[in-house]
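Next come the chains, spelled out residue by residue.
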Amino acid sequence: ITFCFSSITAEALGAARRAIWYEPDHRWGNALFSRAPGLVAHGYAELSRRARALLYEVTESEYAAYLDRHVRGLVEEYLDGGGLTRFRALLAASAGRGVDQ
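In this report, the structure presented in the accompanying data block is examined. (Residues numbered from 1 in each chain as written. Predicted model: local features only at pLDDT ≥ 70, side-chain atom pairs only at ≥ 80, totals over all residues. Heavy atoms only, no water.)

Things to note about the pattern of salt bridges
Put simply, the test is: Salt bridge criterion: a side-chain nitrogen from Lys or Arg within 4 Å of a carboxyl oxygen from Asp or Glu. A simple rule labels every residue: compare its accessible area, found with a 1.4 Å probe on the protein chains alone, to the largest value its type can have, and call it buried under 20%, exposed over 50%, or partly exposed in between. Helix numbers and strand numbers start at the N terminus; a helix is a DSSP run of H or I with at least 4 residues, a strand a run of E with at least 2.
This model, assessed by the stated rule, comprises 5 salt bridges. With a closest N to O distance of 3.6 Å, D25 and R27 form a salt bridge. The exposure class assigned to D25 is partly exposed, which follows from its relative accessible area of 39%. Judged by its relative accessible area of 59%, R27 is exposed. Among the ionic pairs, E76 bridges to R86, the shortest N-O distance being 2.7 Å. Of this pair, E76 sits in the loop between α3 (60–71) and α4 (83–94) while R86 sits in helix α4, and the two are 10 residues apart along the sequence. Look at the salt bridges and you will find they share partners, linking E76, D80 and R86 into a network.

Right, here's the structure in full:
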C-alpha cells in the first residue's frame, strides 16, 4: 500500500505482487489507474476493505486473473518483474551503450 501513484506500487504490480494505491481524498478519482477496479483505494474505509480482501480473501489464482484482466497493459505489460530492467536497457541502447556499461 502506497500513497497514490507511488512507483513502489507500480513496481510491485509489475512483479505480479499484491499492491494498491491509497488516495485519501477523491482528487484523482478519474486518474488512469482508477480505471482498474480496486487498484486505487479512496478513503480509509475503502482502503481497509481492499487491504483485508487482498490479505485474507483473494486467492492467488483470483489475483492472477485480476492482474491479467485489469493491470496488464494498464500498469505493466509483462507482469514479470522485469520492467525496470527493460527500461534500463532502452535507455542504454538510446545512449549507444550496453546494459552492463
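Considerations on helix α2 (residues 44–57)
To be explicit about the condition: One less than the residue count of a helix, multiplied by 1.5 Å, gives the span that helix is expected to have. Regarding the arc, it is the one traced by the directions from the helix axis to the C-beta atoms. Contact between two residues is taken to exist if any of their heavy atoms lie within 4.5 Å; hydrogens are not considered.
Between its terminal C-alpha atoms α2 stretches 19 Å, which fits the 20 Å expected from 14 residues at 1.5 Å a residue. Within the span of α2, buried status applies to L47, R50, A51, A53 and L54. Down the axis, α2 shows its buried residues gathered within 160° of arc, on one side only. Across α2 from its buried face, at more than 90 degrees, point the exposed residues Y44, R49, Y56 and E57. Against the buried residues of α2 lie β2 (21–23), β3 (40–42) and α3.

Considerations on a nonpolar patch on the surface
The condition that has to hold: Each patch is built from salt-bridge-free residues with over 30% relative accessible area, joining like charges within 9 Å and nonpolar side chains (Val, Leu, Ile, Met, Phe, Trp, Tyr) within 5 Å. Per-residue accessibility takes into account occlusion by the displayed protein chains alone, with areas from the Shrake-Rupley method and a 1.4 Å probe.
Taken together, the side chains of F87, L90 and L91 make up a nonpolar region of the molecular surface, amounting to roughly 320 Å² of accessible area. Of note, L90 is situated in helix α4. We classify L90 as exposed; its relative accessible area is 55%.

Re the sheet that holds β3
Going by this rule: When DSSP locates at least two bridges between a pair of strands, those strands are taken to pair.
Taking strand neighbours across the sheet as the criterion, the 3 strands line up as β1-β2-β3 in an open arrangement whose pairing is parallel. One side of each edge strand has no neighbouring strand; the edge strands of this open sheet are β1 (2–3) and β3. As paired elements, β1 and β2 share 2 bridges and run parallel to each other. From the neighbouring strand, F3 faces β2, where its bridge partner is Y22.

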